[in-house]
Amino acid sequence: MARKLPLKFYARDAAVVAPELLGMLLVHHVGGQARVGRIVETEAYQGPEDQAAHSAGGRRTPRNEIMYGPAGHSYVYFVYGLFHCVNVITQRVGIPHGVLIRALEPVSNLEGKTSGPGLLCRAMGIDRSHNGLNLRGDQLYIAHPGRKHYRTPEVHSTPRIGVDYAGTWVSMPWRFFDTASSCVSKAPKR
DNA sequence: AAAATGATCAAG
DNA sequence: TTGATCATTTTA
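A.B. asks: Teacher, can you tell me more about the protein's contact with DNA strand C here?
C.D. replies: Around DNA strand C, a shell composed of 17 residues is seen, among which His-54, Tyr-77, Asn-87, Gly-118 and Tyr-165 lie nearest. Measuring from a phosphate oxygen of DNA strand C, one finds a backbone N or O atom of Gly-116 at 3.5 Å. Within the residue set of the surface near DNA strand C, elements represented by two or more residues are β5 (83-90), β6 (97-108) and α3 (117-124). When the residues that make up the surface near DNA strand C are grouped by side-chain class, the tally is 11 nonpolar, 5 polar and 1 charged.

Here it is as structure tokens:
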């Protein structure tokens, strides 16, 4: 019943796509099994204007190159020497938007915590080797769970986490989460 | 409050 | 080549 999201879904502003990703399924096929989680927390990053984005000011490096490519692809990076984070690229070629997946509710084959961007990548088995994958392919993708299984999220928004360096963009309410889920990451205190 | 821990990037 | 930084997490 689950159906992969079409290119059209991704080809919009990250701040529009981010809340709509709540309730969708992130699927990773690894070692003959499908690891599946329900997306319950996301954040939008909209370069080049957004000073919190890796693509702020049009910055373009080997790491974030994929942000400038077509929508519907993965952007995976390594941060703090310890954790990977996975993003979905949105908008069109040349406009570096992305949505960070911040928390999942386990659905199948997930071990360990999934309430945080670094933790969910560990549980899903996602690392830099999964950078740039087409999310309409067969290895890593996002799907609508299907009418019968879809639970409508209670969407709330707050400012984003861990971007204190971003000046006025810090206060942009581009973190979205399902308040009905117990798997949302706990926001650190300021 | 601060450590853990290493890729990444801009500067020199 | 180097040094500062970092879209995090855990422990105290």
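Resuming the write-up.
A.B. asks: I keep staring at the protein's contact with DNA strand B and nothing clicks. Help me out?
C.D. replies: Around DNA strand B, the surrounding shell consists of Arg-59, Thr-61, Pro-62, Arg-63, Phe-78, Tyr-80, Gly-81, Leu-82 and Arg-128. Contact between DNA strand B and Thr-61: a phosphate oxygen at 2.2 Å from a side-chain N or O atom of the residue. The separation between a base oxygen of DNA strand B and a polar main-chain atom of Tyr-80 is 2.3 Å. Across the surface near DNA strand B, the residue classes break down as 4 nonpolar, 2 polar and 3 charged.

A.B. asks: Would you mind going over the nonpolar core with me for this structure?
C.D. replies: Nonpolar side chains in soluble globular proteins tend to be buried together. With 30 residues, the main nonpolar core has Leu-21, Leu-26 and Ile-142 as its most contacted residues. A total of 4 residues in this core trace back to one element, the largest contributor, which is α3. Not counting chain neighbours up to four residues away, the residues in contact with Leu-26 comprise Arg-35, Val-36, Gly-37, Ile-39, Leu-104, Leu-120, Met-124, Ile-126, Leu-140, Tyr-141 and Ile-142. Counting 13 residues, the second largest nonpolar core, distinct from the first, contains Met-67, Tyr-75, Cys-85 and Ile-89.

A.B. asks: For this particular structure, what's the right way to read the side chain of Ser-181?
C.D. replies: Within the secondary structure, Ser-181 is located in the segment after β9 (175-178). Assessed through its relative accessible area of 10%, Ser-181 is described here as buried. Separated by 3.1 Å, the side chain of Ser-181 and the backbone nitrogen of Cys-183 make a polar contact. Beyond its immediate stretch of four places on either side in the chain, Ser-181 contacts Val-40 and Glu-105.

A.B. asks: What should I look at first to understand unusual backbone geometry in this one?
C.D. replies: Outside of glycine, negative phi angles account for most residues, and trans bonds account for most peptide bonds. In this model, Gly-47 is joined to Pro-48 through a cis peptide bond whose omega is 0°. With respect to the helices and strands, Pro-48 occurs in the loop between β3 (33-46) and β4 (74-79). The phi dihedral of Gln-91 falls on the positive side, at around 65°, and the residue is not glycine. If you trace the backbone, Gln-91 turns up in the loop between β5 and β6. Residue classification places Gln-91 among the buried residues on the basis of a relative accessible area of 13%. The backbone of Asn-109 sits at a positive phi, close to 60°, despite the residue not being glycine.

A.B. asks: Looking at this structure, how should I read α3?
C.D. replies: Because each turn of an α-helix spans 3.6 residues, side chains separated by three or four positions in sequence point in the same direction. Counted residue by residue, α3 has 6 buried out of 8 residues, so it is predominantly covered. Considering only its buried residues, α3 is in contact with β2 (25-30), β3, β5 and β6. Downstream of α3 by one or two residues, Gly-125 has phi in the positive range, about 80°.

A.B. asks: I tried to follow the pattern of salt bridges on my own but got confused; where do I start?
C.D. replies: It is possible for side chains of opposite charge to pair when their charged atoms get near one another. Tallying each qualifying case throughout the model produces 10 salt bridges. Between Glu-41 and Arg-175 there is a salt bridge, with the nearest N and O atoms lying 2.8 Å from each other. One end of the pair, Glu-41, is in strand β3; the other, Arg-175, is in strand β9, with 134 residues separating them in the sequence. For the pair Glu-41 and Arg-175, a shared accessibility class is recorded, and that class is buried. The residue Arg-160 makes a salt bridge to Asp-50 at a minimum N-O spacing of 2.6 Å. Of this pair, Arg-160 sits in the loop between β8 (155-158) and β9 while Asp-50 sits in the loop between β3 and β4; the two residues are 110 residues apart in sequence, bridging distant segments of the chain. Across the pair, Asp-50 and Arg-160 agree in class, each one buried. Here the residues in one salt-bridge network are Arg-38, Glu-105, Arg-151 and Asp-178, joined through shared partners.

Calculation criteria
Residues numbered from 1 in each chain as written. Chains lettered and ligands numbered in written order. Predicted model: local features only at pLDDT ≥ 70, side-chain atom pairs only at ≥ 80, totals over all residues. Heavy atoms only, no water. Near = heavy atom within 4 Å. Polar contact = N/O pair within 3.5 Å; in protein donor to acceptor, adjacent residues only side chain to side chain. Helix = DSSP H or I, 4+ residues; strand = E, 2+ residues; numbered from the N terminus. Nonpolar A, V, L, I, M, F, W, Y, C, P; charged D, E, K, R; others polar. Core = buried A, V, L, I, M, F, W, Y, C linked by side-chain atoms within 4.5 Å. Buried < 20%, exposed > 50% of the residue type's maximum accessible area, 1.4 Å probe, protein only. Contact = heavy atoms within 4.5 Å. Salt bridge = Lys/Arg side-chain N within 4 Å of Asp/Glu carboxyl O.

These values are about where atoms sit, not about what they do.
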